[in-house]
Amino acid sequence: MLDDSHLEGADRLRAFLRYIVEEELAGRGADIRGKTIAQDVYGRDTSEGTDPENVVRVDARRLRQFLELYYETVGKHDPVRLHMDSGGYRPRFESVRPTHSLRHSGWPVRFGVPIGVFAVGSLIGAIIGANLLTPEVKFTPSHSDTASTPENPNLLQRAAIYEKSPAALQAFNLAQQARAMIFPIFDRPRQLLVLSVFERVIELDPDYFGGYAGAAQALATLSVITPPSEVKDDYTIAATKFANEAVRLAPDNAWSQSAKSWAYFADREYEMALMVGKRAAQLDPNDGAVLDFLGAVAVFSGAFAEAIEFADRQSLLESSNQRFANRNISGAAHFHLGDYETTIQRFDEAKNLGDPLSAASLAYQVAAFSALGRDHQAQAKLAELKTAWPDAPVASMLRNIHSNNKHADAVINELLRQGWSPPNTQSKLNR
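Description of the structure in this document.

Parameters and conventions
- Residues numbered from 1 in each chain as written.
- Predicted model: local features only at pLDDT ≥ 70, side-chain atom pairs only at ≥ 80, totals over all residues.
- Heavy atoms only, no water.
- Pairing = 2+ DSSP bridges.
- Helix = DSSP H or I, 4+ residues; strand = E, 2+ residues; numbered from the N terminus.
- Axes fitted to C-alpha atoms, helices over the stretch in contact; angles between N-to-C directions.
- Parallel < 35°, antiparallel > 145°, perpendicular 65-115°, else oblique.
- Left-handed = near helix turned anticlockwise from the far one by under 90°.
- Contact = heavy atoms within 4.5 Å.
- Nonpolar A, V, L, I, M, F, W, Y, C, P; charged D, E, K, R; others polar.
- Patch = residues over 30% accessible without salt bridge, like charges linked within 9 Å, V, L, I, M, F, W, Y side chains within 5 Å.
- Areas by Shrake-Rupley, 256 points an atom, 1.4 Å probe, with all protein chains shown as cover.
- Salt bridge = Lys/Arg side-chain N within 4 Å of Asp/Glu carboxyl O.
- Buried < 20%, exposed > 50% of the residue type's maximum accessible area, 1.4 Å probe, protein only.
- Phe/Tyr/Trp six-rings, centres within 6.5 Å; stacked < 30°, edge-to-face > 60°.
- Lys NZ or Arg CZ within 6 Å of the ring centre and 35° of its normal.
- Expected span 1.5 Å × (residues − 1).

Examined bridge by bridge, strand β1 (residues 80–84) and strand β2 (residues 91–95) share 5 bridges and lie antiparallel to one another. Within β2, the residue paired with V80 across the bridge is S95. Where β1 folds back onto β2 in an antiparallel hairpin, the turn is made up of 6 residues, including G87, whose phi is positive at roughly 95°.

Next up, the structure:
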């Protein structure tokens, strides 16, 4: 690693990396702290009244980015990988052989997911696999005149997967169904259910990247809607682990990269999330789910103009509802740019086409009407919000997911102006 070209000229990062590994191998890993790195590696005195540990935090982020890049390129076949998890500086070594070694039978319990949910998920998965739910969502435009021809790529793809095994085809079909269920992201029980379905996908085909990519996105979503806590951190760590496995299995697949982007977002690495999300969109510009997550990363990172661009690009792919959230994303972005009329228009379109709907969707509509001074309509939407989601912790939802509280408060303050008061059941978000 120290000889990798990406570390050329980065003597401080090389020293950082060497230090933490040597300390761990010497049995002093538990003593690695920001203070010790500042003193031992950078020679900085923490008593000088400055904050030398801030430099350590910045370099730690750069080092994590280097490790991700290294294992996606020259180190992708390394049998042992070095990690430095968020929230600390102690290195962790992981064997990546065999493929299923990343799976841990106890992780549902560790990450706060009720065991019963997985039993339900397996049942739901069986139902979905039997095509008793909605028809499978296509994430790329299709043409009816080729739907039944042997040359149809979708049919050819399934035929090829079936040759591997019927279980592999079941896993593929199940993953495509579950992927369409992730939005709206603010629905916690939905995310737990989707997570359990992707667990079933992994059980059916441990070598299929889609199971890990989907699980990573569900776990990352659970992280971003959970208030700061140990549980939130556990969700983030798990999301990163599953996203890394998806990338290892299929590094050039748009879904894998999209999952990696969303895991970065959950870890509050907003620049990396946007960069990797754009990479995913370049790999497959017609994947609506990839554009959904990219748009979400953009709008909640404060890149509102880009969020609109991504949402508008997706709207060109298919006008009918496919359970995508691009209109909601566009509406939220237009709100933060002060275009309240377009906000209302986009959310109306989303409602009429059956797009995902959540408490946050109604909150944005209340805020848009309120900002325009149309209090009567704002009150009507507020009544809908209170009826549909009386206990929804809207303030926590928005503050947990926006990178900047001022953007969340722009919505919350308009709700407060209309007489909304946060429910007394904010703790339900933690359940």
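In a packed pair of helices, the relevant descriptors are the angle between the two axes and the axis-to-axis distance. Contact pair helix α15 (residues 326–336) / helix α16 (residues 340–352): the axes reach a minimum separation of 8 Å and the direction vectors enclose 165°. The orientation of α15 with respect to α16, classified from their angle, is roughly antiparallel. Handedness of the crossing formed by α15 with α16: left-handed. Contacts between α15 and α16 pair R327, N328, S330, G331, A332, H334 and F335 from the former with Y340, T342, T343, R346, F347, E349 and A350 from the latter. Looking at the contact of α15 with α16 residue by residue, the classes come out as 5 nonpolar, 6 polar and 3 charged.

A cluster of nonpolar residues, L25, V80 and F93, forms a patch on the protein surface that exposes about 310 Å² of accessible area. Looking at L25, the relative accessible area reads 65%, which means it is exposed.

Right, let's talk about the packing of aromatic side chains for a bit. Taken as a whole, this structure holds 16 aromatic pairs when the rule is applied. Each ring, one from Y208 and one from F209, has its centre 5.2 Å from the other, and the planes form 65°; the classification is edge-to-face. Across the pair, F209 and Y208 agree in class, each one buried. Between F335 and Y340 the ring centres are 5.2 Å apart and the planes differ by 55°, which places this aromatic pair in the tilted class. Exposure remark for F335: the relative accessible area of 4% places this residue in the buried category. Each member of the aromatic cluster is reached from another via a ring pair, and the members are F172, F198, Y208, F209 and W255. Between the NZ or CZ atom of R179 and the centre of the ring of W255, over which it lies, the distance is 4.3 Å. Here K260 stacks its cationic end above the ring of Y264, 5.2 Å away from the centre of that ring.

This part covers the packing of helix α17 (residues 359–371) against helix α20 (residues 405–417). Where α17 meets α20, the closest approach of the two axes is 8 Å, and the angle between their N-to-C directions is 70°. Taken together, the axis directions place α17 and α20 in an arrangement best described as roughly perpendicular. Together, A363, Y364, V366, A367, S370 and A371 of α17 and V411, E414, L415 and R417 of α20 make up the contact between the two elements. Of the residues belonging to the contact of α17 with α20, the class tally is 7 nonpolar, 1 polar and 2 charged.

Taking 1.5 Å per residue, 13 residues should reach 18 Å; α17 reaches 18 Å between its end C-alpha atoms and fits that length. Buried residues dominate α17, accounting for 12 of its 13 residues. Taken together, the buried positions of α17 are occupied by A359, A360, S361, L362, A363, Y364, Q365, V366, A367, A368, F369 and S370. Check the buried side of α17 and you find it contacts α15, α16, α18 (375–388), α19 (394–401) and α20. Remark: G373 follows α17 within two positions and exhibits a positive phi of approximately 80°.

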